[in-house]
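The residues making up each chain are set out below.
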Amino acid sequence: MAATAAEGGCELRVLGTWSSPWVIRVRVALGLKGLTYDYAEEDLTNKSDFLLKSNPVHGKVPVLIHAGRPVCESLVILEYLDEAWPGTGLPLLPSDPYDRATARFWAAYVNDTFFPAFRALFRSLTEEQRAEAFENAVPKVETLDRAFRECSKGKAFFGGDAVGIVDVALGSHLVWIKVVDEVAGTNLLDGAKFPALAAWAERFMGVDAVRKVMPDGGKVLEQYKGFRAKWIAAAGSA
């Protein structure tokens, strides 16, 4: 998505990689806020000096550059966008302090509890590893299914009638979940077990701001197969 300036004439730029869920979060949020930006694709095997200068602590994407100043870490960037442009587009966090705290809690749960469990499934190479990782991941999905019913209050999204920060935090992983399920023969967001969460996933993927930046599943699948081939080769030579 190419553009020149955001509100107030301040330039916005995103440093990212096309398939990263963390980058997808930021790009979805920018779309929900209606903010235009320049996007710079980074090669993480040969990181640019600009990336290393912009995020000297971790050297990771995404990085949001606003008026020449970098903001790092995807959830921090999402909150920054909400605070820097409070009257623009959709709010990512609720206005009520308790609801805001609840949203922050569940967004952190996605990062700190769900993702490590999913990553174990993502990295599994044997049937035994896959079975153990899937068994460990399912209770985290059960918790998210309960969280959705609590946060949505019977509405379409974690954020209620509109997409909010928890939707973006979890939804950014949906293409990767589908790809891993395809390779592993699993069904993490099983519609029979988690009908509310599965229906939410369909709705989220249909949001315009999501469809415009979500990577093609076939390309993600090819990238994942490439990752697995490298991991298998490394395991065989160990």
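Residues numbered from 1 in each chain as written. Predicted model: local features only at pLDDT ≥ 70, side-chain atom pairs only at ≥ 80, totals over all residues. Heavy atoms only, no water.

If you look the protein up in an unreviewed UniProt entry, it shows as glutathione transferase from Urochloa decumbens. Under the heading Sequence similarities (unreviewed entry), UniProt records this for the protein: "Belongs to the GST superfamily. Tau family." On record in UniProt, under Catalytic activity (unreviewed entry), the comment for the protein is "RX + glutathione = an S-substituted glutathione + a halide anion + H(+)". (UniProt positions renumbered as here; feature names shortened; annotations may be inferred.)

(A) Layout of the pattern of salt bridges. The full count for this structure, using the stated rule, is 6 salt bridges. Glu79 serves as the salt-bridge partner of Arg104, at 3.0 Å between the closest nitrogen and oxygen. With Arg104 in helix H4 (residues 97-123) and Glu79 in helix H3 (residues 74-84), the pair connects residues that are 25 residues apart, well separated along the chain. Overall, Arg104 belongs to the partly exposed group, its relative accessible area being 33%. As a salt-bridge pair, Arg149 and Asp145 come within 3.1 Å of each other at their nearest N and O atoms. Here Arg149 and its partner Asp145 are both found in helix H5 (residues 127-152), 4 residues apart, which amounts to about one turn of the helix. (Salt bridge = Lys/Arg side-chain N within 4 Å of Asp/Glu carboxyl O. Helix = DSSP H or I, 4+ residues; strand = E, 2+ residues; numbered from the N terminus. Buried < 20%, exposed > 50% of the residue type's maximum accessible area, 1.4 Å probe, protein only.)

(B) Inspection of the sheet that holds strand S4 (residues 69-72) at higher detail. The strand order across the open sheet formed by 4 strands is S2-S1-S3-S4, and the pairing between neighbours is mixed. Among the strands making up the open sheet, the edge pair consists of strand S2 (38-41) and S4. Mean inter-strand twist for the sheet, computed between neighbouring axes without regard to direction, equals 25 degrees. Relative to S2, strand S1 (residues 12-16) runs parallel, the two being bridged by 4 bridges. Bridged to Gly16 within S2 is Glu41. Lying on the sheet, helix H1 (residues 21-33) is in contact with S1 and S2; it crosses S1 at an angle near 155 degrees. Sitting on the sheet, H3 is in contact with strand S3 (63-66) and S4, with an inclination near 120 degrees to S4. (Pairing = 2+ DSSP bridges. Axes fitted to C-alpha atoms, helices over the stretch in contact; angles between N-to-C directions. Contact = heavy atoms within 4.5 Å.)

(C) Just the UniProt feature "domain: GST C-terminal" (unreviewed entry) in the protein, in detail. As annotated by UniProt and renumbered to match this structure, "domain: GST C-terminal" (unreviewed entry) occupies residues 96-227. Counted over residues 96-227, helix gives 73% and strand 0%. Its end C-alpha atoms are 43 Å apart.

(D) Spatial organisation of H4. End to end, H4 covers 38 Å across 27 residues, agreeing with the expected 39 Å (1.5 Å per residue, within 8%). Maximum bend of H4: about 40 degrees, positioned at Phe115, with proline Pro116 one to four residues after it. Every buried residue of H4 is accounted for by Thr102, Ala103, Trp106, Ala107, Tyr109, Val110, Phe114, Ala117, Phe118, Leu121 and Phe122. The N-terminus of H4 is capped by Asp96, whose side-chain oxygen sits 3.0 Å from the backbone nitrogen of Tyr98. (Expected span 1.5 Å × (residues − 1). Bend = angle between axes of the 7 residues up to and from the residue. Polar contact = N/O pair within 3.5 Å; in protein donor to acceptor, adjacent residues only side chain to side chain.)

(E) Highlighting the pairing of S3. The two faces of S3 match: Val63 and Ile65 on one face and Leu64 and His66 on the other face are all buried. Bridge count between S1 and S3: 4 bridges; the pairing is antiparallel. The partner of Arg13 across the bridge, within S3, is Ile65. Taken together, the 4 bridges between S3 and S4 define a ladder with antiparallel strand orientation. Across the sheet, Val63 pairs through a bridge with Cys72, a residue of S4. Taking the residues that link successive antiparallel strands as the turn, the S3-S4 hairpin has 2 residues, and the phi of Ala67 there is positive, at about 55 degrees.

(F) Region of interest: the nonpolar core. With 67 residues, the main nonpolar core has Phe114, Phe158, Leu197 and Trp200 as its most contacted residues. Broken down by element, this core gets its largest block of residues, 10 residues, from H4. Sequence-distant contacts of Phe114, that is, excluding residues within four places in its chain, are made with Tyr109, Lys140, Val141, Leu144, Leu170, Ile177 and Leu188. (Core = buried A, V, L, I, M, F, W, Y, C linked by side-chain atoms within 4.5 Å.)

(G) Expanded view of the confidence of the model for the protein. In the predicted model, the protein carries a mean pLDDT of 94, and 95% of its residues have values of at least 70. In this model, residues 1-9 is a region of pLDDT below 50 whose contacts with residues beyond four sequence positions or in other chains number 20 contacts. (pLDDT = per-residue confidence, 0-100.)

(H) Layout of the environment of Glu142. Checked against the element boundaries, Glu142 lands in helix H5. Sequence separation between Glu142 and Pro116 is 26 residues; the distance between their C-alpha atoms is 15 Å.

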